[in-house]
Amino acid sequence: MKINEALEIVSQTNSGMVRSHNEDSVACEPSCGLVVLADGMGGYNAGEVASGIAVSVVATELCQRLLGESPTDSDDVTGEELGVLLLRENIQKANSSIFHASQSQPQYAGMGTTIVSGLFYDNRVVVGHIGDSRMYRMREGTLGSITRDHSLLQEQIDAGIISIEDARLSKNKNLVTRAVGIDAEVEVEIHVHDVLVGDIYLLCSDGLNDMVEDEDIQSTLSAFQSNLPLAASQLIQLANDNGGRDNVSVILVKVKGKFVVPRGWLAKLINCFRK
Amino acid sequence: MAAKLILSMDGAVLKEYPLNKERMTIGRKPHNDIAIDNLAVSGEHAAIVTILNDSFLEDLDSTNGLEVNGTPTKKHFLQNNDVIGIGKYKLKYINDQVTQSTAADFEKTMVLRSPVKQAAPGVSKPAQPAGFTQTQTNVNKPAAAEPAADKTGKLDAIQPAAPAASAQVAVVQVLTGSNAGKELELIKNLTTLGKPGVQVAVLTRRPHGFFITHVEGASHPTVNGTPLSDQPHQLNDHDVIELAGVKMEFYYKG
């Protein structure tokens, strides 16, 4: 099955009930199996600028490269798989674009963004993220987060200073320890996960998971799983009904079939002629 | 404004201590930050670790132990108005930064970053150490604490007041078919009706009432004879829903 037939992708973003403008950005490229979501921060409209740069750099640059090359190829220099390498490099490229813009334009000083992105190919997903935007996976009816926030609170949880139950009461929410565009260099956290048919992947900004408990996200996804656009609007409505204190964005990816990258001499030969 | 502890005995306030250090100790010996000269208090009785706006109380293996709000405890994440009991003494924890935030800069995500290489002019974000171990050494700079304080929860003010609809019990009663007469109380926020693959609708509870949404199936369910659009439709008391040939009535109980 081709990647754009195997995946059903919907996205929705909303400024919430309190904020006047939306600093989140989303991009979906079904033809190359890529989804990107970013939650910008910074004064005036700098947050929108940062998240906008991040998603457009990653989406356009990565899809451009994948026109001619297969993500399963390995890189000549490092031997690393191209899909993994491209995702990391392009997030780093987004980092330097934002950093340079904020250095050269005083009104953008200090802007930054979180990012979470998934590149689907060959029955796998490469997940790259920085900051506290998350990717969840619903498999066989159970929802779990497959990214770990780069936030002060998560570090405290990891260090055993605060329990997960107590963390809900913490006054130190929304302090991220890593962000795109703040420094000249950034480390991208990358993981590769196997994908099964029937999985639903949810990428969201903290406007969703701060306002809606994981159990409610799970029950919404299972009730609406046969109608993805409705599921997305229902999740946003849920966040807004609970107060909607932040921008809310969601991307939903449903895996409808297997998607294997063709291998073997024939595929390579065909690919050769295509170039 | 930093959080503080108010020391009292038998209802009489003795002293106030601002929590302006990362770690403060409570004990009988004079070198403690909060020294309580009483034999029921151990030499080093307890410590309070403060990280930005959160404070944690910890028992330092004291002889007579600690209580928080009357419950003996070894370790506790302090919340505003908690009362720590040590012998006859009470320490009340006050952290009311919530009231000082303005709606505008409320809950903005901020970056905690490693010390800046070059201080860019106009960058209002305080330079803060990344990583937890480093965080412990520097966190109590007032500059660092303030923007964080702006973001704390004004949740109660913003959350819509619970309207009557969500407090009332709503019921769907089946009117026709083999299950006629059966009642389904809508306790959960989401209730799925129908058969997956054939026709499914979802009932959602929202602050201002119940809504029905068509999720899948070629034909849409009807409410009082009118087919639903693709949008959620608000249900009124005694609406009749028809789904996959089965009629049911929605109403509020009591």
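Residue indices begin from 1 for each chain and proceed along its sequence in written order. Note on labels: chains are lettered from A, ligands numbered from 1, in written order. Side-chain atom pairs in this predicted model are given and counted only at pLDDT of 80 or more, local residue features only at pLDDT of at least 70, and totals for whole chains, interfaces and linings cover all residues. Think of the side-chain values as coming from all heavy atoms in the structure, minus any hydrogens and water.

Trainee: Looking at this structure, how should I read the overall build of chain A?
Mentor: Scanning chain A from N- to C-terminus turns up nine helices and 11 strands. The C-alpha atoms of chain A give 19 Å as radius of gyration, which agrees with the globular expectation for 275 residues (19 Å, within 12%). By its C-alpha atoms, chain A is 60 × 50 × 35 Å across when sized along the principal axes. Partly exposed describes any residue whose relative accessible area lies between the buried limit of under 20% and the exposed limit of over 50%, with all areas from a 1.4 Å probe on protein chains only and scaled to the type maximum. By residue count, 58% of the 275 residues in chain A fall in the buried class. Sequence separation of at least 24 residues holds for 72% of the intrachain contacts in chain A that already meet a minimum separation of 6. Distance between charge centres in chain A, computed from 22 positive and 37 negative side chains, equals 6 Å. Secondary structure counts use DSSP, requiring at least four H or I residues in a row for a helix and at least two E residues in a row for a strand, with both numbered from the N terminus. Computation of the radius of gyration draws on C-alpha atoms, with the globule rule given as 2.2 Å multiplied by the number of residues to the power 0.38. For this analysis, residues touch if any pair of their heavy atoms sits within 4.5 Å. The sign given to each residue is positive for Lys and Arg and negative for Asp and Glu; His and the chain ends receive no count. For charged residues, the charge sits on one atom: NZ in Lys, CZ in Arg, CG in Asp, CD in Glu.

Trainee: Would you explain the state of the cysteines in this entry?
Mentor: Disulfide: a covalent bond formed between the sulfur atoms of two cysteine residues. Residues and elements named next belong to chain A. The rule for a disulfide is simple: a pair of cysteine sulfur atoms within 2.5 Å. Summed over all chains, the structure comprises one disulfide over all chains. Paired by a disulfide, cysteine 32 and cysteine 63 hold their sulfur atoms 2.1 Å apart. Highlighted residues: cysteine 32 in the loop between strand E2 (24-29) and strand E3 (34-41) and cysteine 63 in helix H2 (residues 46-68), separated in sequence by 31 residues. Considered together, cysteine 32 and cysteine 63 belong to a single accessibility category, that of buried residues. Counting only cysteine sulfurs, cysteine 32 is the nearest neighbor of cysteine 28, a cysteine outside any disulfide, at a range of 11 Å. Since its relative accessible area comes to 25%, cysteine 28 is described here as partly exposed. Looking at cysteine 204, it has no disulfide partner, and the nearest cysteine sulfur is the one in cysteine 28, 14 Å off.

Trainee: Could you clarify how one ought to interpret the nonpolar core in this entry?
Mentor: A general tendency of soluble globular proteins is for nonpolar side chains to be buried together. Residue and element names in this part refer to chain A. Working definition of a nonpolar core: buried Ala, Val, Leu, Ile, Met, Phe, Trp, Tyr and Cys residues. They are joined through side-chain atoms within 4.5 Å. Membership of the largest hydrophobic core comes to 37 residues, with the highest contact counts inside it found for Leu34, Val58, Leu62, Leu87, Met111 and Ile115. It is H2 that contributes the most residues to this core, 11 residues altogether. Apart from the residues within four sequence positions on either side, isoleucine 115 is in contact with Val36, Leu37, Ala38, Ala54, Val58, Ile91, Gly128, His129, Ile130 and Val180. If you look at the next biggest cluster of nonpolar residues, it comprises 29 residues, including Val212, Leu230, Ala231 and Leu252.

Trainee: What am I meant to see in the sheet that holds strand E2 (residues 12-18) of chain B here?
Mentor: In a beta sheet, neighbouring strands are held together by backbone hydrogen bonds and run either parallel or antiparallel to one another. Residue and element names in this part refer to chain B. Taking strand neighbours across the sheet as the criterion, the six strands line up as E2-E1-E11-E10-E7-E8 in an open arrangement whose pairing is antiparallel. Pairing within the sheet leaves two strands with one partner each, and these edge strands are E2 and strand E8 (71-73). Recorded for the sheet is a direction-independent mean angle of 30 degrees between the axes of neighbouring strands. Pairing between strands is defined by DSSP: at least two bridges between the two strands are required. Inspection of the sheet shows strand E7 (residues 66-68) paired to E8 by three bridges, in the antiparallel sense. Axis definition: a line fitted to C-alpha atoms, limited for helices to the stretch in contact. Angles are taken between N-to-C directions and run from 0 to 180 degrees.

Trainee: Got a minute to help me understand the packing of helix H7 (residues 214-223) of chain A against helix H8 (residues 228-241) of chain A in this structure?
Mentor: Two quantities define a packed helix pair, namely the angle between the axes and the distance from one axis to the other. Residue and element names in this part refer to chain A. Contact pair H7 / H8: the axes reach a minimum separation of 9 Å and the direction vectors enclose 150 degrees. With respect to H8, the axis of H7 lies roughly antiparallel. Remark: the crossing between H7 and H8 carries right-handed chirality. Residue-level contacts link Asp216, Ile217, Thr220 and Leu221 of H7 to Ala231, Gln234, Leu235 and Leu238 of H8. Oblique is the label for any angle not under 35 degrees, not over 145, and not in the 65 to 115 range, which are roughly parallel, roughly antiparallel and roughly perpendicular in turn. Left-handed describes a crossing whose near helix is turned anticlockwise from the far helix through less than a right angle; right-handed describes the clockwise counterpart.

Trainee: I'm lost on the packing of aromatic side chains in this one. Help?
Mentor: The geometry of an aromatic ring pair is captured by two quantities: the separation of the ring centres and the angle between the planes. All names here are of chain B. Working definition: rings of Phe, Tyr and Trp (its six-membered ring) pair if their centres are within 6.5 Å, and the pair is stacked with planes under 30 degrees apart, edge-to-face with planes over 60 apart, and tilted otherwise. Applying the stated criterion to the full structure yields five aromatic pairs over all chains. An angle of 20 degrees between the planes, with centres 5.0 Å apart, marks the rings of phenylalanine 56 and phenylalanine 77 as stacked. Of this pair, phenylalanine 56 sits in strand E6 (residues 54-59) while phenylalanine 77 sits in strand E9 (residues 75-77), and the two are 21 residues apart along the sequence. Comparing phenylalanine 56 with phenylalanine 77 shows no difference in burial state: the two are buried. On the basis of an interplanar angle of 55 degrees and a centroid distance of 5.6 Å, the ring pair of phenylalanine 210 and phenylalanine 250 is categorised as tilted. One end of the pair, phenylalanine 210, is in strand E17 (residues 209-216); the other, phenylalanine 250, is in strand E22 (residues 246-253), and 40 residues separate them in sequence. Each of the two residues, phenylalanine 210 as well as phenylalanine 250, counts as buried. The structure contains a cluster of three or more aromatic residues connected by ring pairs, namely Phe210, Phe250 and Tyr252. Only lysine NZ and arginine CZ atoms are considered, and such an atom sits over a ring when it is within 6 Å of the ring centre and within 35 degrees of the ring normal. Its end group placed over the ring of phenylalanine 211, arginine 206 keeps NZ or CZ at 5.0 Å from the ring centre.

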